[in-house]
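# Coordinates in review
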Amino acid sequence: MTNKTSIQGSWASRWIFILAATGSAVGLGNIWKFPYITGENGGGAFVLVYLVCIVLVGIPIMMAEVFIGRRARKNPINALVDVAEESEGSKKWGLIGLMGMLSGVFIFSFYSVVAGWVLHYIKVMLTGEMANVTSEQAGAAFGALLADPATLLIWHTIFSIMSIAVVAAGINKGIETATRIMMPALFVLLLILLGYAMTTDGFAAGVDFMFHFDASQLSWNAVLVALGHSFFTLSLGMGTIMAYGSYMTKKASIGKTVLAIGALDTIVALVAGLAIFPIIFANNMDPAAGSGLMFMSLPVAFGQMPFGQLFGVLFFVLVGIAAWTSAISLLEPTVAFLVEKFEMKRTSASILLGSGVWALGLACLGSFNVISDVTFFGKNTFDLLDYITANIMLPLGGILIALFAGWVVKDKFAQDELELSDTVFKLWKISMKFTAPVAVAIVLYFLLFPMS
Ligand code: PHE
């Protein structure tokens, strides 16, 4: 194990690293995206494939990202280069970090738009505009929001500024504080929502939808989306976890820590699904309604439950914070790179990057209104950026990190950081060398050459 520390600082303790990495992992991916892609891809079979991907591909790759970051204690590009050189590998592996930065920029641009919807819903819940809405009214209200570029612009801008400000404040003051308070609170609120969902007559249908395995529902596209989402939800394949790993203390065990993060992230996604689907079925809504699913279903539930307005405000506040702690982690690898490589000030680097992603976000928010007719491969800008990052760039980044960790990095260096028992280390190596790359390669192959 090396005794270096990152110039950016380090987490105060192992617990803070878990919190921060979980803060990055748990976000819109769990609460907004997971339920709606489960709905679009037929339910149980999709959920099962997703869980298998988390365990067989996501967790092992997360271990690789953490150890590479912690070994080098530098931004992802330089970390990959250093670790490659130590094992006499090519410096070109650093290019994975470059693609990762681009993924971060693309993801942030649509992420911040969706987070903007969340902020808008805080306001709507506060003012009581959505009190006692029917499912039709909730659907219409969401549609009206998407059709209103000025409102979207305000919230997107506010959210972008919030994220830039935290990254500019640095890892200790900014990221730690945000995460420490929000994680437990979000979880409690989700449990309250789950409790409410259990009282609706859609609960059995919701559980059945999520956990009933029906292989006929499974298409290659669903497998691709499940695999892609396992990267997205764990913040893998783009250097975020590598950057966070570079601030991790020497003492913490990587294996246990990563398991804890993976488990927390999965539990939040499943609880979010269990809270949302019963409401969908109880109100005869369509589980495949797409990206508005959460925004069209939950206000109906809040309208019906006791203290619904209060819980509604709290819920959207917490989802907003969850999105916030993820959004900052999308910027962190690039900001760390700019600071280390070009000796920029953290504040300037954050503002520079932040302005760029904010501008790209304009194209995403316009996708629902002014530039909705601009499409690429049949997708608007928002959908395109979501699709290519989650389904192509993150899995590709992940595969390359796995190949790097499995074939290039010498065992002694990997073990020096991971400190796994012999058996677990062997399993991890098999995953890096074969399971993870092969799984991702097969799925990407079917994406490029779909079976008709
Ligand atoms: N994991 C985050 C979520 O689920 C999104 C994210 C992806 C964050 C990649 C950082 C890196 O919302």
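Here's a quick rundown of the structure.

What counts and how
Residue numbers run consecutively from 1 along every chain, following the written order of its sequence. Totals for whole chains, interfaces and linings use every residue, but because this is a predicted model, local features are given only for residues with pLDDT of at least 70 and side-chain atom pairs only at 80 or more, for both listing and counting. The side-chain numbers reported here are obtained from all heavy atoms of the structure, hydrogens and water having been left aside. Residues enter patches when they are more than 30% accessible in relative terms and free of salt bridges; like-charged ones are connected within 9 Å and nonpolar ones (Val, Leu, Ile, Met, Phe, Trp, Tyr) within 5 Å. Areas reported as accessible are Shrake-Rupley estimates using a 1.4 Å probe. Residue values count occlusion only from the protein chains shown. Here, a salt bridge means any side-chain nitrogen of Lys or Arg that lies within 4 Å of a carboxyl oxygen of Asp or Glu. Numbering of helices and strands runs from the N terminus; a helix is a DSSP stretch of H or I covering at least four residues, while a strand is a stretch of E covering at least two. The classification of residues rests on relative accessible area computed with a 1.4 Å probe and restricted to protein chains. Under 20% of the type maximum is buried, over 50% is exposed, and intermediate values are partly exposed. Neighbouring residues are identified by heavy atoms, a residue being near a molecule or strand if any of them is within 4 Å of it. What qualifies as a polar contact is a pair of N or O atoms within 3.5 Å, subject to a donor-acceptor requirement within protein and to the restriction that residues adjacent in sequence count only when both atoms come from side chains. Lining residues are those with an atom within 4 Å of a point, where the points come from a 1 Å grid over the protein atoms alone and group into cavities, where a 1.4 Å probe fits but cannot get out, or pockets, open sets with protein on both sides within 12 Å along at least five of seven lines. Throughout, a molecule is located in a cavity or pocket provided that more than half of its atoms lie within 2 Å of its grid points. Residue type decides the class: Asp, Glu, Lys and Arg count as charged, Ala, Val, Leu, Ile, Met, Phe, Trp, Tyr, Cys and Pro as nonpolar, and the leftover types, Gly among them, as polar. Grid points are joined across faces, edges and corners, and a volume is the space filled by probe spheres set on the points.

Before going further, it helps to spend a moment on a nonpolar patch on the surface. A contiguous nonpolar patch, built from W220, W407, L427, I430, F434, V438 and I442 and spanning about 690 Å² of accessible area, is present on the exposed surface. With 5 residues, the top contributor of residues to the nonpolar patch is helix α18 (residues 422-448). Considering the arrangement of structural elements, one finds I430 in helix α18. Taking relative accessible area as the criterion, I430 reaches 44% and is therefore assigned partly exposed.

So, on to the site of the ligand. The local shell around the ligand holds 15 residues, among which A25, G29, Y111, F232 and S235 are the closest. Between S24 and the ligand, the recorded distance is 3.2 Å, taken from a backbone N or O atom to a nitrogen atom. G29 is positioned such that a nitrogen or oxygen atom in its backbone is 2.8 Å from an oxygen atom of the ligand. Of the pockets mapped on this structure, the ligand occupies the largest cavity. Breaking the shell around the ligand down by element, the ones donating at least two residues are α1 (14-25), α2 (28-40), α10 (220-233) and α14 (308-342). Split by residue class, the shell around the ligand holds 6 nonpolar, 9 polar and no charged.

The calculated volume of the largest pocket comes to roughly 370 Å³. Along the wall of the largest pocket there are 17 residues; nearest its centre are I59, P60, M63, V424 and W428. Looking at the lining of the largest pocket, the elements that each hand over two or more residues are α3 (44-72), α12 (254-282) and α18. Approximately 310 Å³ is the volume found for the second largest pocket. Taken together, 16 residues make up the lining of the second largest pocket; nearest its centre are Y36, I37, E40, D386 and Y387. Secondary-structure elements contributing two or more residues to the lining of the second largest pocket are α2, α10 and α16 (381-408). Tallying contributions element by element places α16 first for the lining of the second largest pocket, with 6 residues. Looking at the lining of the second largest pocket, its residues break down into 6 nonpolar, 5 polar and 5 charged.

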